[in-house]
Amino acid sequence: MTAVRQDAWSAEDDLILAEVTLRHIREGSTQLAAFEEVGEKIGRTPAACGFRWNSCVRKKYEEAISLAKSQRQKRSYYKKQPANTGLQVAGLGLEAEAGYYKVEGASEESLSIDAVIRFLRQWKGNLQENGRQLKMLEKELREKEEEIANLRRINEQLSKEVNEVQTDYRVVNDDYKALIQIMDRARRLAFLTEEEEELKTRFKMDANGNLERIE
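Residues numbered from 1 in each chain as written. Predicted model: local features only at pLDDT ≥ 70, side-chain atom pairs only at ≥ 80, totals over all residues. Heavy atoms only, no water.

Draft legend 1. Structural context of the overall build of the protein chain. Helix and strand content of the protein chain: five helices and five strands. When its helices and strands are written in sequence order, the protein chain yields α-α-α-α-β-β-β-α-β-β. Each of the 215 residues in the protein chain was classed as buried or not, and the buried ones make up 16%. In the protein chain, of all internal contacts separated by at least 6 residues, the share reaching a separation of at least 24 is 36%. As displayed, the protein chain offers around 17,500 Å² of accessible surface, 54% of which is attributable to carbon and sulfur atoms. (Helix = DSSP H or I, 4+ residues; strand = E, 2+ residues; numbered from the N terminus. Buried < 20%, exposed > 50% of the residue type's maximum accessible area, 1.4 Å probe, protein only. Contact = heavy atoms within 4.5 Å. Areas by Shrake-Rupley, 256 points an atom, 1.4 Å probe, with all protein chains shown as cover.)

Draft legend 2. Region of the structure containing the nonpolar core. The biggest cluster of nonpolar side chains holds 15 residues, and the ones touching the most others in it are Leu 17, Val 38, Cys 49 and Trp 53. When residues of this core are traced back to their parent elements, those giving at least two are α1 (11-26), α2 (31-42), α3 (46-60) and α4 (62-80). Every residue in contact with Trp 53, bar those within four places of it in the chain, is listed here: Leu 17, Ala 18, Thr 21, Gln 31, Phe 35, Arg 58 and Ile 65. (Core = buried A, V, L, I, M, F, W, Y, C linked by side-chain atoms within 4.5 Å.)

Draft legend 3. How the structure looks around a negative patch on the surface. A cluster of acidic side chains, namely Glu 140, Glu 143, Glu 145 and Glu 146, defines a negative patch on the protein surface. One can find Glu 140 in helix α5 (residues 113-202). (Patch = residues over 30% accessible without salt bridge, like charges linked within 9 Å, V, L, I, M, F, W, Y side chains within 5 Å. Salt bridge = Lys/Arg side-chain N within 4 Å of Asp/Glu carboxyl O. Lys, Arg positive; Asp, Glu negative; His and termini not counted. Charge placed at Lys NZ, Arg CZ, Asp CG, Glu CD.)

Draft legend 4. Structural context of the packing of aromatic side chains. A full pass over the atoms with the stated rule returns zero aromatic pairs. Its guanidinium or amino end placed over the ring of Trp 9, Arg 44 lies 4.2 Å from that ring's centre, counting from NZ or CZ. (Phe/Tyr/Trp six-rings, centres within 6.5 Å; stacked < 30°, edge-to-face > 60°. Lys NZ or Arg CZ within 6 Å of the ring centre and 35° of its normal.)

Draft legend 5. Seen up close, the pattern of salt bridges. Enumeration over the complete set of coordinates arrives at seven salt bridges. Here Asp 13 ties to Arg 44 by a salt bridge, and the two come within 3.9 Å at their closest N and O atoms. Remark: Arg 44 occurs in the loop between α2 and α3 and Asp 13 occurs in helix α1; sequence separation between them is 31 residues. Asp 13 sits in the buried class, given a relative accessible area of 15%. Taking the shortest distance from any N to any O, the salt bridge between Arg 52 and Asp 14 comes out at 2.8 Å. On the criterion of sequence distance, the pair formed by Arg 52 in helix α3 and Asp 14 in helix α1 is long-range, its members being 38 residues apart. By relative accessible area, which is 11% here, Asp 14 ends up buried. Look at the salt bridges and you will find they share partners, linking Arg 23, Glu 37 and Lys 41 into a network.

Draft legend 6. Fine view of α1. Taking 1.5 Å per residue, 16 residues should reach 22 Å; α1 reaches 22 Å between its end C-alpha atoms and fits that length. Once α1 ends, the next one or two residues include Gly 28, with phi positive near 80°. (Expected span 1.5 Å × (residues − 1).)

Draft legend 7. Local environment of a nonpolar patch on the surface. On the surface, a nonpolar cluster with roughly 400 Å² of combined accessible area is contributed by Tyr 176, Leu 179, Ile 180 and Met 183. Mapping Met 183 onto the fold places it in helix α5. Residue Met 183 is classed as partly exposed on the basis of its relative accessible area, which comes to 45%.

Draft legend 8. Representation of α2 in the model. The end-to-end C-alpha distance of α2, which contains 12 residues, comes to 16 Å, matching closely the 16 Å that a straight helix rising 1.5 Å per residue would cover. Within the span of α2, buried status applies to Ala 34, Phe 35, Val 38, Gly 39 and Ile 42. An end-on view of α2 places all buried positions within 135° of arc, on one side of the element. Turned more than 90 degrees off the buried face of α2, the exposed positions are Leu 32 and Glu 40. Summarising the contacts, the buried residues of α2 are in contact with α1 and α3. (Arc of directions from axis to C-beta.)

As structure tokens, this is what we get:
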């Protein structure tokens, strides 16, 4: 059998160490204070508790430690805020204490339940007004989207017309070039014909096959 040390840490000791240390972290206390409290509960020195926490227990509670630190930050944040931030209603702090309410940012005087009802009605009215404004914005957005769609259709139509004009221009340009070529060939043919006529009228062939210039 394996001998068990009399001073060995039990699962219950580790659990107490974890619970107390996490509570001190949440409350913004120090780990040293936590180790001292644990030591008093389980009869160990704070140094032994700290060594056990850092060497073994801490690794098992990484997520819990992160959550405790997050809760500590929230507690610190709320402590820095003005008083009477217990009950949140419509984004404004309302704190219920001894049967009356206090409005955050208002005076310290207590308010009746009627005042709270009036506040809620006012908030409801503001919410309805915000809803109307939201509907107006949505309507304006739809109109802008329709306008953009119309502009896109016009742009597509104009682009189509520009492409057609460019196509017609290319066709006309090709026809013009072809016409110029035809006219140039016709001009050259006419020049050659005139030369042949001139040769025919100014020369004739004699009986021996020689050309004889006609005066």
